[in-house]
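# Structure at a glance
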Amino acid sequence: MHALEALAGIGLGGTLALFAGTETGGALTSPGGWFLAGGRLAGFVGAYALALLVVLVARLPLLERAVGQDRLVRWHRTVAPWAVGSIAVHVVTITVGYAEMSHLGVVSQVTQFLFHYPDMLAAVVAFALLLVASFSSHRIARRRMRYETWWVIHLYLYLAVALAVAHQIHVGVPFLGHTDSTVAWLALWVVVAAIVVGSRVVVPLVRNSRHQLRVAEVLEVAPGVHSLTLVGTHLEDLAVAGGQFFQWRFLAPGLWWHSHPYSLSALPQPPYLRVTVKALGDQSTLLSRLRPGTRVIAEGPYGTFTADARTSDRVLLVGAGVGVTPLRALAEDLPERTDVIAILRGTTPEDLVHRDEMTEIVGARGGVVHDLVGSRHQVRLDARALRRLVPDLAQRDVYVCGPEGFTRAVVAAARGGAVPLERIHVESFAF
Ligand SMILES: Cc1cc2nc3c(=O)[nH]c(=O)nc-3n(C[C@H](O)[C@H](O)[C@H](O)COP(=O)(O)OP(=O)(O)OC[C@H]3O[C@@H](n4cnc5c(N)ncnc54)[C@H](O)[C@@H]3O)c2cc1C
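Since we're looking at a predicted model, the values are computed, not measured.

## Section: the packing of helix α5 (residues 69-101) against helix α6 (residues 106-116)
Following both chains from N to C, one finds α5 and α6 inclined at 100°, their axes separated by 9 Å at the closest point. With respect to α6, the axis of α5 lies roughly perpendicular. Residues I94, T95, Y98 and A99 of α5 form the contact with α6, whose participating residues are V106, Q109, V110 and F113. When grouped by side-chain class, the residues that make up the contact of α5 with α6 number six nonpolar, two polar and no charged.

## A few points about the site of the ligand
Near the ligand lie 23 residues; those nearest to it are H260, P261, K278, D282 and S284. In the environment of the ligand, an oxygen atom lies 2.7 Å from a nitrogen or oxygen atom belonging to the backbone of K278. In this structure, an oxygen atom belonging to the ligand sits 3.0 Å away from a side-chain N or O atom of T325. Against a free-state accessible area of 870 Å², the protein chains account for coverage of 86% of the ligand. For the shell around the ligand, the secondary structure elements donating two or more residues are α9 (147-171), β4 (260-263), β5 (272-278), α11 (282-286) and β11 (424-428). Considering each element in turn, the shell around the ligand owes the most residues, four residues, to β4. Tallied by class, residues from the shell around the ligand come to 10 nonpolar, nine polar and four charged.

## Brief notes about the domain arrangement of the chain
When the domains of the chain are assigned, the result is domain 1 (2-201), domain 2 (212-302) and domain 3 (307-428). Spacing between the C-alpha centres of domain 1 and domain 3 amounts to 43 Å.

## Some thoughts on the pairing of strand β6 (residues 296-302)
In terms of burial, β6 is largely enclosed, as six of its seven residues are buried. Taken together, the five bridges between strand β3 (residues 245-250) and β6 define a ladder with antiparallel strand orientation. Residue pairing in the sheet places W248 in a bridge with A298 of β6.

## Structural notes on the sheet that holds β4
Here we have three strands laid out as an open sheet, ordered β4-β3-β6, and antiparallel in their pairing. Both outer strands of the open sheet, β4 and β6, are each paired with one neighbouring strand and no more. Going across the sheet, the axis of each strand differs from the next one's by a mean of 35°, ignoring polarity.

## Describing the pairing of strand β1 (residues 214-222)
Regular strands show a simple pattern: their side chains alternate between the two faces of the sheet. As judged from the seven bridges shared by β1 and strand β2 (residues 225-231), these two strands associate in the antiparallel manner. Bridge assignment links E217 to a residue of β2, and that residue is T229.

## Observations concerning the pattern of salt bridges
In the structure shown here, the tally under the stated rule is 18 salt bridges. Counted as one network, the salt bridges with shared partners bring together R274, R328, E332 and E357.

Here is what the cut-offs are and how they apply
- Residues numbered from 1 in each chain as written.
- Predicted model: local features only at pLDDT ≥ 70, side-chain atom pairs only at ≥ 80, totals over all residues.
- Heavy atoms only, no water.
- Axes fitted to C-alpha atoms, helices over the stretch in contact; angles between N-to-C directions.
- Helix = DSSP H or I, 4+ residues; strand = E, 2+ residues; numbered from the N terminus.
- Parallel < 35°, antiparallel > 145°, perpendicular 65-115°, else oblique.
- Contact = heavy atoms within 4.5 Å.
- Nonpolar A, V, L, I, M, F, W, Y, C, P; charged D, E, K, R; others polar.
- Near = heavy atom within 4 Å.
- Polar contact = N/O pair within 3.5 Å; in protein donor to acceptor, adjacent residues only side chain to side chain.
- Areas by Shrake-Rupley, 256 points an atom, 1.4 Å probe, with all protein chains shown as cover.
- Domains from an automatic or database assignment.
- Buried < 20%, exposed > 50% of the residue type's maximum accessible area, 1.4 Å probe, protein only.
- Pairing = 2+ DSSP bridges.
- Salt bridge = Lys/Arg side-chain N within 4 Å of Asp/Glu carboxyl O.

In structure tokens:
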């Protein structure tokens, strides 16, 4: 982790050095000097933060394994306001600075930019796309739009980044007549582009042409919940751990253009893989109607919700409804000697997805499975209830998966039961 932070810090240091290397004291004292220097600094910081944003969610296998997608997405969200904020400061201060330098009003300066500076129109479009993507990611906006709509808007960010590079090189004072800094800056963007194309296109293409996944069978396992068994080749080479997920794209009408994350609900049994899906919205509902033979593209595996994350051989698995899927695969991956207790939560007994399989796997390790069935009012899952079911709770690693509200409640209960944070592992079915 520290290595990644150090790497990001070195990158920022290099970016600031590029900025400082071309600034002069004389320029500061000239009309608009401070605004221009501030604007260039904000531009460099904003552009570097944008590069980080893209790399954090590029699904780079090394980063995914070391950090996990859910944490990378959280970092992405933390860096995003800095990127957007710095670029907004850049736009305002550079405009005011140039206006002062040229003794123009701000509106005239903007007109100058648009019609007389190379690549500025592209830069303005890039800024507009950035603003739209960031506003659409705000909680209030996200709640009002379909996931796919948000996702398509977010795709335009790649276009925004590409459109912005040209004005940096062709108008940016730090680059005009400075070949070294131009080469260094372009190298940054070439590396970012290579990471994205490599991780999001080349790796999945190579892997999927090797595994040739297709739908073999679709089976209803609980009301509104279907297990999809997939068949493929060379699955024995798939380096996947129980608890991990893939981004799945099903090449069928209405489904081929977007991928969704589903955890494996059992360890691979070559030539078969299995996922179990609850019909929640349009895509997950359509999956129940997939025909055998449908081609499947899988990106991944991703996630650090695995047996390797545990710190002891005493484990508690807590899953609600379809949230049991990664726990079912993870349980199978636990060494035989592991002391396992599982708690399955559902409103009705039918909601306890893969209950029999879980009982068999946990039983084979000498463990017990507790079913907690009933409404939220009927079933309390606070620290006291958890300790009653699991007296040695504080000595266990706790793995929890389910809807966000449920995972939050179980984490609070585990903390209340003196389980240290580093022993609590959460998989939330929403990023
Ligand atoms: C790491 C992870 C593992 C998951 N594993 C399983 C599983 O094993 N079984 C299962 O039934 N569900 C699982 N889910 C949830 C599943 O991905 C969503 O229910 C599904 O994507 C919903 O899509 P939809 O079009 O049917 O519904 P929508 O109505 O489009 O979406 C419903 C909700 O699902 C989320 N969602 C939608 N599309 C995506 C997407 N492409 N990426 C991330 N989130 C999305 C959104 O937050 C949205 O609020 C998992 C989610 C994550 C993040």
